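Breakdown of the fold
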Amino acid sequence: MTADLFAGLAGEQTREAFDEGVTILRQYAVAQDEVLVRAILAVARSAPFRHMKTPGGHSMSVAMACCGQVGWVTDEGGYRYQSQDPETGRPWPAMPESFVSLARSAAEAAGFPGFAPDTCLINRYQPGARMGLHQDRNEKTFSSPIVSVSLGLPIVFQLGGLRRTDRTERILLEHGDVVVWGGPARLRYHGVLTLKPGEHPVTGPVRFNLTFRRAG
Ligand code: MD3
Ligand code: FE
């Protein structure tokens with residue numbers, strides 16, 4: 001399908017089967033937006049947002065927090081999941097119930113019933129933050145989908161192929177949009193362009209992205 005993703009009607013909940021394994025649930029999370037943002041802020045009181053260092057020694061422009069049984073971390077030693085927050089030495093906060101039920105129902109709507117994520121990475125983008133093209137491949141298996149939830153300011157997402165050099169397409173992700181990536185899409189390269197300044201009624205000057213995964 002070659003849907004023009006910038007042409008979606010405003011204010012509409014839609015489901016688009018994009019490429020194989022990619023389902024875009026436009027505005028799927030809008031009805032719960034304030035509950036979700038409150039839950040994000042509650043998680044961040046226990047596991048504060050931080051700019052982690054890549055193995056190459058660069059500080060990431062995106063600030064991150066995690067919840068669930070394990071959390072994704074990066075430092076001089078590499079990228080990995082671990083069950084303690086390196087900043088506090090404590091286990092990560094539990095996944096809020098509002099997160100669990102949203103991830104599960106979105107996966108089911110996209111054809112992946114029974115999705116039980118064991119981790120949620122919360123990305124916070126401030127103006128100027130971006131995420132370069134990468135694959136998500138620190139999980140033990142790639143048989144579960146990944147569910148991503150966008151909240152707040154819009155951003156341009158880049159979807160590539162299975163090789164870094166494959167051409168990329170651009171998808172605008174807006175407040176409440178949920179995307180489910182599974183099957184043949186699970187290892188596609190992806191990234192986001194630089195966040196532009198703005199003000200959103202629910203999140204203020206930032207964009208949050210929740211990424212639900214089965215890591216173990
Ligand atoms: C396509 N986050 O945290 S979410 C990440 O908007 C990440 O914060 C971006 O990439 C963000 O790793 C993009 C969309 C996403 C997540 C996982 C994918 C797209 C994906 C895995 C495979 C293919
Ligand atoms: Fe990713």
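The sections below set out a description of the structure shown in this document.

Criteria and thresholds
- Residues numbered from 1 in each chain as written.
- Chains lettered and ligands numbered in written order.
- Predicted model: local features only at pLDDT ≥ 70, side-chain atom pairs only at ≥ 80, totals over all residues.
- Heavy atoms only, no water.
- Helix = DSSP H or I, 4+ residues; strand = E, 2+ residues; numbered from the N terminus.
- Rg over C-alpha atoms; globule rule 2.2 N^0.38 Å.
- Buried < 20%, exposed > 50% of the residue type's maximum accessible area, 1.4 Å probe, protein only.
- Contact = heavy atoms within 4.5 Å.
- Pairing = 2+ DSSP bridges.
- Axes fitted to C-alpha atoms, helices over the stretch in contact; angles between N-to-C directions.
- 1 Å grid on protein atoms, 1.4 Å probe; cavity = no way out; pocket = protein on both sides within 12 Å on 5 of 7 lines; lining within 4 Å.
- Points joined across faces, edges and corners; volume = space filled by probe spheres on them.
- Near = heavy atom within 4 Å.
- Polar contact = N/O pair within 3.5 Å; in protein donor to acceptor, adjacent residues only side chain to side chain.
- Areas by Shrake-Rupley, 256 points an atom, 1.4 Å probe, with all protein chains shown as cover.
- Sits in = over half its atoms within 2 Å of the grid points.
- Nonpolar A, V, L, I, M, F, W, Y, C, P; charged D, E, K, R; others polar.
- Donors = N, O, S within 2.8 Å, 3.2 Å for Na, K, Ca; no water.

Counting secondary structure elements, the protein chain contains 2 helices and 13 strands. Its C-alpha atoms give the protein chain a radius of gyration of 16 Å, within 12% of the compact-globule value 17 Å for 216 residues. Principal axes of the C-alpha set define a box for the protein chain whose edges measure 45 × 40 × 35 Å. Looking at the 216 residues of the protein chain, the share that counts as buried comes to 50%. A sequence separation of at least 24 residues applies to 71% of the contacts in the protein chain between residues at least 6 apart.

The sheet built from 4 strands is open, its strands ordered β7-β12-β9-β10 with antiparallel pairing. Of all strands in the sheet, those bounded by a partner on one side alone are β7 (131–134) and β10 (169–173). The sheet shows a mean angle of 20° between the axes of neighbouring strands, direction not considered. Here β7 runs beside strand β12 (residues 190–192); their pairing, made up of 2 bridges, is antiparallel. The partner of H134 across the bridge, within β12, is H190.

This part takes up the layout of surface pockets. As a volume, the largest pocket reaches approximately 780 Å³. Considering the residues around the largest pocket, the lining is formed by 38 residues, among which M131, G132, H134, D136 and H190 are closest to the centre. For the lining of the largest pocket, the secondary structure elements donating two or more residues are β5 (78–82), β6 (119–125), β7, β8 (146–152), β9 (155–159), β12 and β13 (207–213).

Before going further, it helps to spend a moment on the site of ligand 1. In the vicinity of ligand 1, 19 residues are found, and the nearest of them are N123, Y125, H190, R207 and R213. Between ligand 1 and Y125 there is a distance of 2.6 Å, counted from an oxygen atom to a side-chain nitrogen or oxygen. Within the side chain of R213, an N or O atom sits 2.9 Å from an oxygen atom of ligand 1. The fraction of the free accessible surface of ligand 1 (500 Å²) that becomes covered by protein chains is 98%. The cavity that encloses ligand 1 is the largest pocket. No other element matches the 4 residues that β13 contributes to the shell around ligand 1. Of the residues belonging to the shell around ligand 1, the class tally is 8 nonpolar, 6 polar and 5 charged.

On to the coordination of the iron ion (ligand 2), then. In this structure, H134 (NE2), D136 (OD) and H190 (NE2) serve as the protein donors to the iron ion (ligand 2), at separations of 2.0 to 2.2 Å. In the primary structure, the donors to the iron ion (ligand 2) are separated according to the pattern H-x1-D-x53-H. Residue D136 is found in the loop between β7 and β8, and its partner H190 is found in strand β12; the two are separated by 54 residues along the sequence. By relative accessible area, which is 16% here, H190 ends up buried.

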